[in-house]
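# Fold and geometry: a report
The residues making up each chain are set out below.
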Amino acid sequence: MRNPKALSFSLALGILSWSTEALILSQIAAFFGFPLSTGASLLGLAILNLGISIPISIANVGVFEASLAFGLSQASIPVENGMIIAAIHHFFQIAGVMT
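Note that this is a predicted model, so its numbers are computed, not measured. (Residues numbered from 1 in each chain as written. Predicted model: local features only at pLDDT ≥ 70, side-chain atom pairs only at ≥ 80, totals over all residues. Heavy atoms only, no water.)

Let us look at the side chain of S26. Looking at where S26 falls in the secondary structure, it is placed in helix 1 (residues 4-31). Engagement of the side chain of S26 in a polar contact is seen with the backbone oxygen of L23, the distance being 2.8 Å. Each residue touching S26, except ones within four places of it in the same chain, is listed here: L36 and S41. (Helix = DSSP H or I, 4+ residues; strand = E, 2+ residues; numbered from the N terminus. Polar contact = N/O pair within 3.5 Å; in protein donor to acceptor, adjacent residues only side chain to side chain. Contact = heavy atoms within 4.5 Å.)

Now the structure itself:
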């Protein structure tokens, strides 16, 4: 808070990060025939982040997919399809970190 410029930069990066992740999630869902609104994508991501806030497995495998599938079910995506979308989304995140 002492440096307003750094705070503004951090907020901008946070918004960019969440927007990019929401866009990627909505593109994966659309590929499987489930178009998501921006709000639905952000809700799914918010529920995902709540679900993985306490790490209980390596790379949150399982918890990540279940949390995101639950979040996507709030946008009327069947849980089975939500698990597939979540697994692909998680794969892209892990692959991005490993490269």
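So, about unusual backbone geometry. In terms of backbone geometry, most residues other than glycine have negative phi values and most peptide bonds are trans. Backbone geometry at A59 places phi at a positive 60°, although glycine is not the residue there. By the element assignment, A59 lies in the loop between helix 2 (38-51) and helix 3 (63-73). Positioned with a positive phi, S76 is a non-glycine residue whose angle comes to about 70°. Position of S76 relative to the elements: it lies in the loop between helix 3 and helix 4 (79-98).

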